[in-house]
Amino acid sequence: TWPSYRVPVILPQSTLNLDKPQFDAEARLEVVSPCGPACHKSSPLPTYEEVKNYLSYETLYANGSLTETEVGIYILSNSGDGSQGKSRTKRQIYGYDSRFSIFGKDFLLNYPFSTSVKLSTGCTGTLVAEKHVLTAAHCIHDGKSYVKGAQKLRVGFLKPKLKDGSKGANVTNSAMPEKMKFQWIRVKRTHVPKGWIKGNANDIGMDYDYALLELKKPHKRKFMKIGVSPPARHLPGGRIHFSGYDNDRPGNLVYRFCDVKDETYDLLYQQCDAQPGASGSGVYVRMWKRQNHKWERKIIGIFSGHQWVDMNGTPQDFNVAVRITPLKYAQICYWIKGNYLDCREG
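Keep in mind that this is a model prediction, so the values were computed, not measured. (Residues numbered from 1 in each chain as written. Predicted model: local features only at pLDDT ≥ 70, side-chain atom pairs only at ≥ 80, totals over all residues. Heavy atoms only, no water.)

A.B. asks: Describe in detail the packing of aromatic side chains, supporting the description with residues and values.
C.D. replies: Between two aromatic rings, the relevant description is the distance of the centres plus the angle of the planes. The final tally for this structure, using the stated rule, is 12 aromatic pairs. When the centroid spacing of 6.2 Å and the interplanar angle of 55° are considered together, the rings of phenylalanine 23 and tyrosine 146 count as tilted. Here tyrosine 146 lies in the loop between strand E7 (132-135) and strand E8 (154-160) and phenylalanine 23 lies in the loop between strand E1 (9-18) and helix H1 (37-42), a separation of 123 residues in the sequence. No difference in accessibility class separates phenylalanine 23 from tyrosine 146, as the two residues are buried. (Phe/Tyr/Trp six-rings, centres within 6.5 Å; stacked < 30°, edge-to-face > 60°. Helix = DSSP H or I, 4+ residues; strand = E, 2+ residues; numbered from the N terminus. Buried < 20%, exposed > 50% of the residue type's maximum accessible area, 1.4 Å probe, protein only.)

A.B. asks: Can you tell me about a positive patch on the surface, naming the residues and giving the values?
C.D. replies: Together, Lys159, Lys161, Lys181, Lys217 and Lys220 give the surface a local cluster of positive charge. Looking at lysine 161, the relative accessible area reads 42%, which means it is partly exposed. (Patch = residues over 30% accessible without salt bridge, like charges linked within 9 Å, V, L, I, M, F, W, Y side chains within 5 Å. Areas by Shrake-Rupley, 256 points an atom, 1.4 Å probe, with all protein chains shown as cover. Salt bridge = Lys/Arg side-chain N within 4 Å of Asp/Glu carboxyl O. Lys, Arg positive; Asp, Glu negative; His and termini not counted. Charge placed at Lys NZ, Arg CZ, Asp CG, Glu CD.)

A.B. asks: Residues and numbers for the state of the cysteines, please.
C.D. replies: Summed over all chains, the structure comprises three disulfides. With its sulfur 2.0 Å from that of its partner, cysteine 258 forms a disulfide with cysteine 272. Handedness here is read from the sign of the S-S torsion; for cysteine 258 and cysteine 272, about -100°, the answer is left-handed. With cysteine 258 in strand E13 (residues 253-263) and cysteine 272 in the loop between strand E14 (267-270) and strand E15 (282-289), the pair connects residues that are 14 residues apart, well separated along the chain. Given the relative accessible area of 10%, cysteine 258 is considered buried. Disulfide pairing is shown between cysteine 333 and cysteine 343; the S-S distance is 2.0 Å. Measuring the twist about the S-S bond at about -85°, one finds the cysteine 333-cysteine 343 disulfide to be left-handed. Taken together, the residues cysteine 333 in helix H4 (residues 326-337) and cysteine 343 in the segment after H4 connect sequence positions 10 residues apart. Residues cysteine 333 and cysteine 343 agree in their burial class; the two are buried. (Disulfide = S-S within 2.5 Å.)

Treat this as a map of the structure, not an account of what it does.
Written out as structure tokens, the structure is:
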């Protein structure tokens, strides 16, 4: 059953205009940090002022202008730790590759797979409202600077490719997956939390690796709501699901599910098979919504990428997802709705 959370209130206090960014960072499709679950758990909890600073945010507009918004937090709960770590490239497949490529428009154009979209910077995003896409912050900003494609950021929606003007009939050989193409919508503005934006590219708080994109026009597809991430032991089968555009399978939407291995207040550690490109995918679970008497899928995290962790002298691979905590839920919900009264229940 989906637990009910009392969500804190996060409200903008002041907004400053910043200089236009340079857009000079390379888009990195994965973020790597050697600080593992034990290291994160032992980090001191941030102070109220630090949390306010982490949850303040930058907003990038399509015309290149940039603002910074300071926030106030009411009814405080503890938040994450801005742990840091150095880059290290490593594979993201664990033993037998358990990913499923989703073929055929019957699947691709149907919920929940239809909520997965591709970013022009190479990552994945998830539709979370009529005009909003949730993704990973590192797809837009490397911690120091916005990436090259961030100003002209576009979001791609898979559509069937029609052949020879045929009106949607499947004229391809039925044994072959139907060819799909992307239809692109421009992004109007992007929100990135200050907890992600640091002075040094290696000084990255993975806890805040999320961003929200607002499209220039509604996408007219079904979207998935966000929810507060329950503890791993409350997840059905202890398992999470996500679909993304892994870059070793170009043009394919790839679905996977796996068990959560460990968690901190802000992060989920799992060994879901994934490749760069899947970063930014919405991690979701399906649970019973008692108030509505129905099953409901909600996004409880954002897939960040690969992490190499030194576990008692033994190197171990994890893939990491950023959990949507009550504070992050309040922030993302406010970004979407612009009204905290609609964001009181997680």
